Amino acid sequence: MFSNMNYKNQKKLILILFLLVPVALLITFTFIPALNMFSYSFFEWDGFSTNKIWVGFSNYIEIFKNPEIFASLKNSIYYLIGGLIQLAIAFYFAVLLNTKVKGKGIFKAILFFPFLINGVAISLIFIFFFQPEGTMDSILALLGLSKYTQLWLGNENIVNISLMFTSIWRYSGLNFIIFLGALQSIPDEVLEASDIDGASQWNKVKYIMIPSVKRVIQLNLILSVSGAISVYEIPYIMTGGANGSSTFVIETVNTAFKFNKVGLASAMAIVVLMIVAISTLIQKKFFKEEA
Amino acid sequence: MKKKLLSTLLVATMSLGILSGCGNGGKKNSDVVLTVLTNKSDIVDTTLKDYAEDYKERTGVTIKWQALTDYDGDVKVRLNSDNYGDVLLIPQLPASQLKEFFEPLGKLDDDNIKNIMFNDKHAVDGTVYGLTYGCGADGIVYNKKVFKDAGYDKFPTTTDELYKSLKEILANGKVPVAINSKDVWPLASYDWMGMPMSGNTNFWNETSTQEDIFATNKPLGQCMELLYQFVNNGLVEKDLATTNWEQSKADVANGKVGMMALGLWAVDQVKSLAANPDDIGFAAIPYDNSGKLRANATPDYGMAVSNKSKYKKEATDFLFDFINSDFHKKIGLMSPDKTKKSDNQVIKDFLAPGVELLQATVGTNGEEELLFKIGNEAKIDWHAGAYIQNIALASKKGRAEYETVIKQLNNSWNSARQKVLNSK
């Protein structure tokens, strides 16, 4: 039957068959729950009773009336700064490892490895890292700097910086690989020609590499912003959001499961979605005008 | 041709993987399998497994235990579905919802129910939905040797002596009190103290009628004041952000930490980690300088039968077998049957100084539901600890910060109370 169809139909059939399972999974585990959550945001519900009360838009009104709820977005600024530092580190290593360096493969593996490890495992290990007399304090002691030890997670003035550091460690590898791929797509002739013209390494970076990977930098910026707004995993596991390290998504999860207000929490989740969507649109507009 | 055969075989093998989840067709009578949900992840492969094997020998019914570490959180989500085991422990729920999820076990004056303590905790209008398998008490788990080295052969029975002993322990280079702030739930001990602090068994039912419940002259305010004194005087862990529950048990067991405010249920867990189990003791915390001790008598979780179970009779039989067994002895609790006396030395030592065990009165007018409704609105998670974590962190910073947090809690409670009462 298959071999009786013409080529065009065969192609269509294969495409559909291949897409069937992924699309089914996407609908079941992403779209249906998202639509359900959107509907929950119009109810008052504790998450398990069979009794939901319709309240219309009052959950949304409560979010915008209450200044505390948005206060946790402040901490996203730390992660945004972390995201920018990540991009700088990733780009630096991508440029470096694009040239003739011995042991390129090993360095690439070392840089990318953190991203492959499960986020929960990383967060748990970094708790030990930041404990009093943990790894961080031991390193400082080795370098003779033990008078600079702090309560890295216990001091609310620096807890967000410690968490930001964990986030940078985890995600730089991803940005690095993307940049490396983009840099490797620059044709060699262009670089050789610039060599002949006597360009220095810095000139090469500034006038050839950066413009070629502009698209990728823009993409990474968009991802960093949306990642910073919806950051959740690392602070939730390391501090539970306590001590001034809470984020908007952590507040949402707590509202749903600690205080049993699933309706309000669903509304908060939709609000985050809107914020991320709007910021992405703004960034895209900004980049389009440039081009 | 070879490639085609290979790829067909691969697809066939992988498809078998999908089919592996499917069950078999016919069910035989003696092949009843009961799924029992529990929070006791530490003994599910030992004590509970032994019980299951013994039960199968006696009745032919297979028991499959499922241990959930974050019991309340996980089970509440499962209650949304029809799959929450055949027998399970009852999480924090309003009484009005008991009949939605659980099968009635009988009436309060039934012969097999009337002598069980706390039989009215999970009952509505005389119908009982849940019964507990063990009774404990809230109190202090402490290391006798650490206190002895500080000059106290017996656990202090007045608050002045308590603070003196803790300061002495600190001077000896040990951590006097572990509060486990990071894991949040151990802090709940400090609001459970509200009822014995007040001496009034109707305390929790009356809380929703009060304003400014954390004021320093009110019982809950006094409990938080106790926590403030511990934290602000440096009597707790050095870094509240990186405390570790499992580690803290080992620290009490080995004498690095003096005491923790927990319950009778924790004694066996700490003893099992101690080089010398007799070093571990359990005592009531003094609430004043009168020398008269009171403690919260607590039921362990209530066990219930799911009303979606396919084996309701077998599940109910198992439930009564379990609560009448001596499982409570294996976890160091008192029997739920009020006619049985405990021969456990730790319990005897605990009761020796004349501790009055107070059992909280169960409200019959939806008081508990109201308490939690206002609590959720005010972001005060009763008996779960998150709001207490904020108090602990503020206490570390100073008196002014502590008083600000207390004031905020009072304000939240007052306005939430107004909102909930006005919407009725």
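Since this is a predicted model, take the numbers as computed values, not measurements. (Residues numbered from 1 in each chain as written. Chains lettered and ligands numbered in written order. Predicted model: local features only at pLDDT ≥ 70, side-chain atom pairs only at ≥ 80, totals over all residues. Heavy atoms only, no water.)

Undergrad: Give me the lowdown on a nonpolar patch on the surface, citing residues and values where you can.
TA: All names here are of chain A. A grouping of Ile 16, Leu 17, Leu 20, Val 21, Leu 25 and Phe 29 is seen on the molecular surface, where their side chains present a nonpolar patch of about 640 Å² in accessible area. Here Leu 20 is to be found in helix 1 (residues 7-40). Look at Leu 20 and you get exposed, because its relative accessible area is 52%. (Patch = residues over 30% accessible without salt bridge, like charges linked within 9 Å, V, L, I, M, F, W, Y side chains within 5 Å. Areas by Shrake-Rupley, 256 points an atom, 1.4 Å probe, with all protein chains shown as cover. Salt bridge = Lys/Arg side-chain N within 4 Å of Asp/Glu carboxyl O. Helix = DSSP H or I, 4+ residues; strand = E, 2+ residues; numbered from the N terminus. Buried < 20%, exposed > 50% of the residue type's maximum accessible area, 1.4 Å probe, protein only.)

Undergrad: Quick one: what's the story with the sheet that holds strand 4 (residues 106-107) of chain B, residue by residue and with numbers?
TA: Residues and elements named next belong to chain B. The three strands are arranged 4-6-5 in an open sheet whose pairing can be described as antiparallel. Every other strand in the sheet has two partners, leaving strand 4 and strand 5 (123-124) as the edge strands with one partner each. Where strand 5 lies against strand 6 (residues 127-128), two bridges are found, and the strand directions are antiparallel. Of the residues in strand 6, the one forming a bridge with Val 124 is Thr 127. (Pairing = 2+ DSSP bridges.)

Undergrad: Quick one: what's the story with unusual backbone geometry, residue by residue and with numbers?
TA: At Asn 243 of chain A, a residue that is not glycine, the phi angle is positive and equals roughly 60°. Relative to the assigned elements, Asn 243 of chain A resides in the loop between helix 12 (233-238) and helix 13 (248-257).

Undergrad: Please set out the interface of chain B and chain A residue by residue, giving values where relevant.
TA: If you look at the interface, chain B gives 25 residues, while chain A gives 26 residues. Interface area for chain B against chain A, summed over the two sides, is near 2100 Å², with a carbon-plus-sulfur share of 54%. Interface area lost by chain B to chain A is led by Thr 242, Asn 376 and Lys 379 of chain B, which between them contribute 24%. The partner of Lys 419 of chain B in a salt bridge is Glu 62 of chain A, with the nearest N and O atoms 3.8 Å apart. One can count six residue pairs in polar contact (both at pLDDT 80 or more) joining chain B with chain A. The element contributing the most residues to the side of chain B that touches chain A is helix 17 (residues 386-397) of chain B, with five residues. Partitioning the side of chain B that touches chain A into residue classes produces eight nonpolar, six polar and 11 charged. (Contact = heavy atoms within 4.5 Å. Buried area = accessible area lost by both parts, 1.4 Å probe. Polar contact = N/O pair within 3.5 Å; in protein donor to acceptor, adjacent residues only side chain to side chain. Nonpolar A, V, L, I, M, F, W, Y, C, P; charged D, E, K, R; others polar.)

Undergrad: An account of the pattern of salt bridges is requested, with residue identities and associated values reported.
TA: Applying the stated rule across the entire model yields 20 salt bridges over all chains. Where Arg 58 of chain B meets Asp 54 of chain B, a salt bridge forms, and the shortest distance between an N and an O atom there is 3.0 Å. One end of the pair, Arg 58 of chain B, and the other, Asp 54 of chain B, are both in helix 2 (residues 47-59), four residues apart, so they sit about a helical turn from each other. One salt-bridge network, held together by shared partners, links Glu 62 and Lys 261 of chain A together with Glu 377 and Lys 419 of chain B.

Undergrad: For the environment of Asp 160 of chain B, give the residues involved together with the corresponding values.
TA: Mapped onto the secondary structure, Asp 160 of chain B falls in helix 6 (residues 159-171). Judged by its relative accessible area of 48%, Asp 160 of chain B falls in the partly exposed class.

Undergrad: So what's going on with the side chain of Asp 239 of chain B? Residues and values would help.
TA: Residue placement: Asp 239 of chain B occurs in the loop between helix 10 (219-232) and helix 11 (245-253). A polar atom in the side chain of Asp 239 of chain B sits 3.0 Å from the backbone nitrogen of Ala 241 of chain B. If sequence neighbours within four positions are ignored, Asp 239 of chain B has contacts with Pro 132, Leu 151, Leu 153 and Gly 154 of chain A together with Lys 396 of chain B.

Undergrad: Report on the packing of aromatic side chains, specifying residues and quantitative values.
TA: Residues and elements named next belong to chain B. Evaluation of the coordinates by the stated rule reveals 48 aromatic pairs over all chains. Aromatic pair Trp 382 and Trp 413: ring centres 5.7 Å apart, planes at 80°, arrangement edge-to-face. With a gap of 31 residues between them, Trp 382 in the loop between helix 16 (367-378) and helix 17 and Trp 413 in helix 18 (residues 399-422) connect regions that are remote in the sequence. Comparing Trp 382 with Trp 413 shows no difference in burial state: the two are buried. Among the aromatic residues, those joined into a ring-pair cluster are Tyr 51, Tyr 55, Trp 65, Tyr 133, Phe 318, Phe 322 and Phe 327. Directly above the ring of Tyr 228 sits Arg 399, whose terminal nitrogen or CZ lies 4.6 Å from the centroid. (Phe/Tyr/Trp six-rings, centres within 6.5 Å; stacked < 30°, edge-to-face > 60°. Lys NZ or Arg CZ within 6 Å of the ring centre and 35° of its normal.)

Undergrad: Any chance you could break down the pairing of strand 11 (residues 280-283) of chain B for me, citing the residues and the numbers?
TA: As a general feature of sheets, a regular strand has side chains that alternate between the two faces. Residue and element names in this part refer to chain B. Burial along strand 11 is two-sided: Ile 280 and Phe 282 facing one way and Gly 281 and Ala 283 facing the other are all buried. Here strand 8 (residues 135-143) runs beside strand 11; their pairing, made up of four bridges, is antiparallel. Each residue of the ladder has a partner; that of Val 141, found in strand 11, is Phe 282.

Undergrad: Describe helix 17 of chain B, naming the residues involved and giving the relevant values.
TA: All names here are of chain B. Compared with an ideal rise of 1.5 Å per residue, which puts 12 residues at 16 Å, helix 17 spans 18 Å between its outermost C-alpha atoms and is within 8% of the ideal. If you check which residues of helix 17 are buried, you get Ala 386, Tyr 387, Ile 388, Gln 389, Ile 391, Ala 392, Leu 393, Ala 394 and Ser 395. Of the surrounding secondary structure, the elements contacted by the buried residues of helix 17 are helix 7 (189-192), helix 10 and helix 18. At the exit of helix 17 stands Gly 398, carrying a positive phi of roughly 160°. (Expected span 1.5 Å × (residues − 1).)

Undergrad: Just give me the short version of the environment of Leu 116 of chain A, but keep the residues and values in it.
TA: All names here are of chain A. By the element assignment, Leu 116 lies in helix 5 (residues 104-116). For Leu 116, a relative accessible area of 58% puts it in the exposed group. Between the alpha carbons of Leu 116 and Gly 173 there is a distance of 9.0 Å; along the sequence they are 57 residues apart.

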